[in-house]
Amino acid sequence: MPRHSAEDLLHRVQPARVHRSLYADPDIFELELKHIFGVAWIYVGHESQVRNPGDYFCTRVGRKPLIVVRDAGGTLKVLHNQCAHRGSMVVASDQGHTNEFQCCYHGWTYHLDGRLKAVPLQNGYPQDFDPANPKTSMLQVPRVASYRGFIFVSQAPDGPTLEESLGYMTTSLDDMVDRAPDGEIEVAGGVFRHTYNGNWKLYLENLCDAAHPWFTHRSSIDAAQQQKDDVFSDGSGEIAIRQMRQNGAPYSFWESQVGIWTYPNGHSYLGDYHDDAKLVAAMNDPLFRDYIAAMEAKKGKDRTKQILEVRRWNSNVYPNLSFMSQFQQLRVIHPIAVDRTEVHTYCFRLRGAPDRMFQNTISFANIVNGTGSLVLTDDLEIYHRIGLGLSSEGAEWLEIGRGFQSDEPDAHGGRKGKNSTSEIYIRNMFDAWLRYMTGDPRQRSQENLQGAVA
Amino acid sequence: MSAAIESHVVLAPAAADPGWSLEQCETFLLHEARLLDEAKFDAWLALFTADAQYWVPSEPDQQSPYDTVSLMYDDRRLLETRVRRLASPRIYSQEPRSRTSRIVTNVTVDESGPDGALVRSKFMMIEFRRGVQRLFGGTCFHRLVRQDGSIRIRLKRIDLVNCDAPLDGLVVPF
C-alpha cells in the first residue's frame, strides 16, 4: 500500500516549487488514481456519441473500463465494463448499438442500465440467487452529469455538482458549443491516440505553457517560416503552416499578448495567441464570411459578434480534459502509470456551419494534435525527457515560480498571470492536487514566500 | 481544391501498359526506400511531383484525408515543410536521430496506362532510437507518373497495420 501520509504530501508542494516525486513515485500515482481520478468529475465523452437509446461507447477512468450508454428510457448511464459473475469484460467493441449486454463466458445478460436480465442454467446457482439483487448487476458509476453535451462522471457518491466543480470554466464549454450556428456540436472525424513515457500531469501543464513554443517548436517554426507560399496546396498546408509560423512570435508577444487565467479546482485557460483577430478570419477566406452569415442568420448580429469575440486557446478542465474552441479540438488524458500516459484527441463538427469549416478542423488537428505532426512530436519528446530526467535522484525540487510575485486576482473568482508566461496554471493545478489528495484547502503553492512552509 | 484522393481499391486490373513494367516499378520503390533509410530526405522529396500528396491514414480503409484525421497528411507545401524540418539542427524529436531499415516486397502493378501506374507493395520498417526499437508494417500505394523521362510519385498512401493503435510520435516518414 502507498506509504505517503497527508503530512508528507503537504510537504511536497511548497510555494513556487514541487517535489519531483509527484511526477515519478509509483505510490503517489496510485494515490492519484484513488483520490483524484476516483473522486473528481472526469470527462468521459460527448452526448453526440450516444444519441439514441442503445447507443454506447467504451472508455476508462484510471484503470476502470467503463461503458457509457443511453438506456431504454433515454437516460445516460455509465457502467463498469465487468460481468457480476466472474469479472470478465463484457463489451469488447469500442462503440456500437445494442438492446442488452451479454457476457461471452456464461451468458449472463444485462439490461442497458446494468440490471441482470437473464442467466442460463439459473437453477444451478445457490438458493438465495436473485437476479433482482444489485450484486448481480453490472455496477453503475454513482454520478453521471453532462454540461451542454459534455459527459462527466464522478465515482464519489456525493460532493460538489458538476457545475459547481466547473465553476467559471463552464464559459469555455459554452464557447465550444456557441460557435455552432445550430447551437449543437458533434464528435466526428476519428481519433488520435498517442502515448509517451511520462507523467499525465505534464500534458495538461504544457497546453497552457506560453513560454515553450518559441523554443521547443523551433524546428517547425523555422521550416514553416522558410516555406514558399506559391507551392501546391489543397488548403491543408495553409492552416498548418500559418499555425507553425505563429509559434515563432517573439517572446515580447508571448509575455504580454496572450493571457493566462486560472480558476478553483485546477482549471485554467490560455488566451488566443494569434496576433490577428482570429486564425480563420484572418485568412480572409470567403468560407469564414459564409460561416458568419450562417451564425447571424441563426443568432443575430449582436450575439454572433459576442460569441466570436471570445478569445481562448486551450482550456483545461482538471484533471483529464483540454479543449480548444476555435478549431473544435478536444483531448482526453488517460494516466496509465506514473511514467506512462495515453492521450485521445477528438474533433467536433459545428452543426450548421459550412462543410469546409470541418475540413479546417481536420487540417488543424493533423498538424497540432496529430501523432505524426510537425509540432506535437516535439512536445512528446519533451515529456519523454522529463520522464527520463525525473526518474533519477538529483535535483529534488522543480521550480514552478514564474510570475509568482506578479499574478493577480481575476474578476470571476480566479487568478491570472500579469505576465502570460506565468506558471500560475501549474501552481493552481497543484493546489487542487493537494486538496484532492489531502483535503487541505489552502493554496500552498501560491502562498507568498513570507508565509512560507515550516 | 485538388482532385479528391483516389481510392486505393482496384476492382479489376486494367490492361497492362508495357511502359510500366513490374521490374521498373519495383526498382523505383527500392530506390525510394534506400533514400529514406539513408536519411537523404531532400532527394526523397525530389521524387514527388509538384502537386504531390503524401498520406498515412489513421483508420483502416479511410476514404478521405479531408473528413477524418490522418497520422500524416501533407499536400506538397506541407511535405516540403516536413522535409525541411527533418534537416533542422533543433528537431529535438530527432536528437538522437532514428535509424531505420525498410523491406519492400509483394510489389504489384495494379493499374497502368499512359497517365501513370498504381503500384501496391508491402513494407516493414524497423526504427531504432534512444534504446527503443519499433516495428511498423503495412501496405503502400504509389500513384506513379512519368515526368521528363523520370518516374515521379503523385500520391503515396501508407496503410499501417496498427494505424489506429496508441502510438508514440511519428517523425521519420514511411
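Note that the coordinates shown come from a computational prediction; the quantities given were computed from them, not determined experimentally.

Calculation criteria
- Residues numbered from 1 in each chain as written.
- Chains lettered and ligands numbered in written order.
- Predicted model: local features only at pLDDT ≥ 70, side-chain atom pairs only at ≥ 80, totals over all residues.
- pLDDT = per-residue confidence, 0-100.
- Contact = placed C-beta atoms within 7 Å.
- Helix = DSSP H or I, 4+ residues; strand = E, 2+ residues; numbered from the N terminus.
- Expected span 1.5 Å × (residues − 1).
- Buried ≥ 20, exposed ≤ 12 C-beta atoms within 10 Å, placed from the backbone.
- Core = buried A, V, L, I, M, F, W, Y, C linked by C-beta atoms within 7 Å.
- Domains from an automatic or database assignment.
- Nonpolar A, V, L, I, M, F, W, Y, C, P; charged D, E, K, R; others polar.
- Pairing = 2+ DSSP bridges.

(A) Main features of the confidence of the model for chain A. The pLDDT averaged across chain A works out to 92; a share of 96% of its residues lies at or above 70. Note that pLDDT drops below 50 for residues 449-454 of chain A; the model gives that stretch four contacts with residues more than four away or on any other chain.

(B) Focus on helix 15 (residues 424-438) of chain A. All names here are of chain A. In a regular helix each residue adds 1.5 Å, so 15 residues correspond to 21 Å; helix 15 covers 21 Å between its end C-alpha atoms and thus fits that length. For helix 15, a buried count of 14 out of 15 residues is recorded, marking the element as mostly surrounded by other parts of the structure. Gly 439, located one to two residues past helix 15, shows a positive phi value of around 80 degrees.

(C) Spatial organisation of the nonpolar core. If you look at the biggest cluster of nonpolar residues, it comprises 161 residues, and the most contacted ones within it are Ile 42, Val 44, Leu 66 and Val 68 of chain A together with Cys 25 of chain B. For this core, the element with the most residues is helix 15 of chain A, which contributes 10 residues. Both domains that meet at this core, namely domain 1 (42-148) and domain 2 (168-445) of chain A, each give it at least three residues. Setting aside anything within four residues of it in sequence, one finds Cys 25 of chain B in contact with Trp 20, Val 107, Val 109, Ala 117, Val 119 and Leu 144 of chain B.

(D) Highlighting the interface of chain B and chain A. At the junction of the two partners, chain B supplies 36 residues and chain A supplies 41 residues. Elements with a minimum of two residues in the side of chain B that touches chain A: strand 1 (48-57), strand 2 (70-75) and helix 3 (76-86) of chain B. At eight residues, the largest contribution of residues to the side of chain B that touches chain A is made by helix 3 of chain B. A class-by-class count of the residues in the side of chain B that touches chain A yields 16 nonpolar, eight polar and 12 charged.

(E) Inspection of the pairing of strand 4 (residues 55-61) of chain A at higher detail. Residue and element names in this part refer to chain A. Two elements, strand 4 and strand 7 (residues 95-97), share three bridges in a ladder whose sense is antiparallel. Bridged to Phe 57 within strand 7 is Gln 95. Strand direction decides the pairing type here: strand 4 and strand 5 (residues 64-70), joined by six bridges, are antiparallel. Note on strand 5: the bridge partner recorded for Tyr 56 is Val 69. Counting the residues in the hairpin turn of strand 4 and strand 5 gives two residues, including Gly 62, whose phi is positive at 60 degrees.

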